[in-house]
Amino acid sequence: MKVLIANRGEIAIRVMRTCREMGLTTVAVYSDCDRGAPHVGYADEAYRLGPNEAVASYLRIEGLIDVARMAGADAVHPGYGFLAENPDFARACAEAGLIFIGPPADVIALMGSKTAARQAAIRAGVPVVPGTEAALGLDVTDEAIARMADEVVGYPLLVKAVAGGGGKGMRAVPSPRELPSAIRAARSEAGSAFGNSAIYLERQLERPRHIEIQLLGDRHGTVLSFTERECSIQRRHQKVVEESPSVAVSLALRAEMAACAAAVARTVGYTSAGTIEFLLDAGGRFYFLEMNTRLQVEHPITEMVTGVDLVEWQIRIARGERLTLDPARLLTPRGHAIECRVYAEDPDSDFLPSPGLVTGLRTPSGPGVRDDGGVAPGYAVPVYYDSLISKLVVWGEDRPRAIARMVRALSEYEVLGVKTTIPFFQWLLRQPAFHEGRFDTTYLDRVLAERGDRSFAEIGEPAEEVAVVAVALHAYLRAAAGVTVAGRTGSRGAWRQAALGEGLRTS
């Protein structure tokens, strides 16, 4: 079997690694600026798609189909982003006789509509956030929308794009006065980003958590749910840190959310890997948010706590195989995993992209550390695409050990030539609220606003930094041993070096 990976960067390499383990031949594609990219060199074969712009290369369906035919590929894996959730691409692959490693085109189209997905959740008996059930196109007046807001939804509310995601086409509306301008802004942004200006309304929950359930569904009617992922650490509705399991989810709540996620998937006949996203309020009530009909960026943390290769099962399901995984094992996480998304961005300049030549690179390693990277020394991070450099993932026997391991791994990470978000993560992992699990989807935006314009590269006072680590270690030891730990624990110098990456140059 020969698999064309219709993507680039770290996700292309991630998929290729599993293909290589399965004895499958891989085909890479590239735009002009990606000719020397690591994913091109890793593949068995590589073909040019077109110019740098994504619309002329990675988003050109006919070009990808032509390359697949030219290479003699049997299957196409879309990765995530680009065309991964485009039903036209899945349909074009099927019409060309190619196996699309993902769900059917009609399911992608159904769940790609936020309103249709909400309706599917309602049919499955799964709770949804109060809101409008139909798409509100340009034919629906602002006056009619205002009546719906008053009578059906209530304030505060969100105006959200029916298509797309990632916070685009979404506006918060605290009161009726702000509704007309929010409608105009959301429609305009949605139309530009997704070619669809339809919107809908949804009640805005106060400081919820973002919890998601990984799924696998085969072509024989089996749907399996995995333990949850905690994705509440977000900046402007974009995830930046994920972990599994969540400190806010009990065994009973996990079982309930997993059952609801599977019910939604069965209702729409879902196959392949997918994710159901929920909002969890402070009272422990959860609500369906949306479904992602693809592999998630944060899938490695699920793999780390379950030992399941999700890409392998995507391929096996696409070949018609039955799921043979133990459901109980998938809902019983082994240890704790955390992922930090390392971007070529300047956190001291409001996280502006920092493209350029990578002149040096040192990645962390050691027990429990996984770096899914997509760059190498001598590679120029382009301006044309998402600036993700790698996903740094760690595993520990429990959450405190996983946090300590991530601190250590970040201290070893060095990228020269471009600015990265590594200093930001080193700051974030020192925050007491993070250690204690006291956060929600609004947490990061709030603390960044309070922090002001201080540089993330600044090293805090030694006593303060040591105290934060000491408090976390103290809490862990008390919980593990059931006793009060008195006195000093460990070496101040060793802990400070691990926590702060002392002596390490980090761009």
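Structure first, text after, so check above.
Residues numbered from 1 in each chain as written. Predicted model: local features only at pLDDT ≥ 70, side-chain atom pairs only at ≥ 80, totals over all residues. Heavy atoms only, no water.

J.: Sorry, what's going on with the packing of aromatic side chains here?
T.: Between two aromatic rings, the relevant description is the distance of the centres plus the angle of the planes. Using the criterion set out here, one finds 14 aromatic pairs in the structure. Centre to centre, the rings of Phe424 and Phe425 are 5.1 Å apart; their planes meet at 55 degrees, and the pair counts as tilted. Residue class for Phe424 comes out buried when judged on its relative accessible area of 1%. Using a relative accessible area of 1% as the deciding quantity, one classes Phe425 as buried. Of the aromatic side chains, those joined through ring pairs into one cluster are Phe351, Phe424, Phe425, Trp427 and Phe456. (Phe/Tyr/Trp six-rings, centres within 6.5 Å; stacked < 30°, edge-to-face > 60°. Buried < 20%, exposed > 50% of the residue type's maximum accessible area, 1.4 Å probe, protein only.)

J.: Explain the sheet that holds strand β7 (residues 170-173) to me, please; I cannot follow it from the model alone.
T.: Strand pairing in a sheet takes place through backbone hydrogen bonds and is either antiparallel or parallel in direction. Sheet architecture is open: three strands sit in the order β7-β6-β8, paired in antiparallel fashion. Because the sheet does not close on itself, it has two edges, and the strands there are β7 and β8 (199-203). Going across the sheet, the axis of each strand differs from the next one's by a mean of 20 degrees, ignoring polarity. Bridge count for strand β6 (residues 157-161) against β7 is four bridges, and the pairing is antiparallel. Paired with Leu157 across the bridge in β7 is Val173. Relative to the sheet, helix α7 (residues 142-153) contacts β6 and β8, its axis offset from that of β8 by approximately 30 degrees. (Pairing = 2+ DSSP bridges. Helix = DSSP H or I, 4+ residues; strand = E, 2+ residues; numbered from the N terminus. Axes fitted to C-alpha atoms, helices over the stretch in contact; angles between N-to-C directions. Contact = heavy atoms within 4.5 Å.)

J.: Sorry, what's going on with the pairing of strand β19 (residues 369-373) here?
T.: Each regular strand shows side chains that alternate between the opposite faces of the sheet. Counting buried residues in β19 gives five out of five residues, a clear majority hidden from the surface. Residue alternation in β19 divides its side chains into two sets, Val369, Asp371 and Gly373 and Arg370 and Asp372, and both sets are buried. Bridging between β19 and strand β21 (residues 388-396) involves five bridges; their strand directions are antiparallel. Bridge pairing links Arg370 to Val393 in β21.

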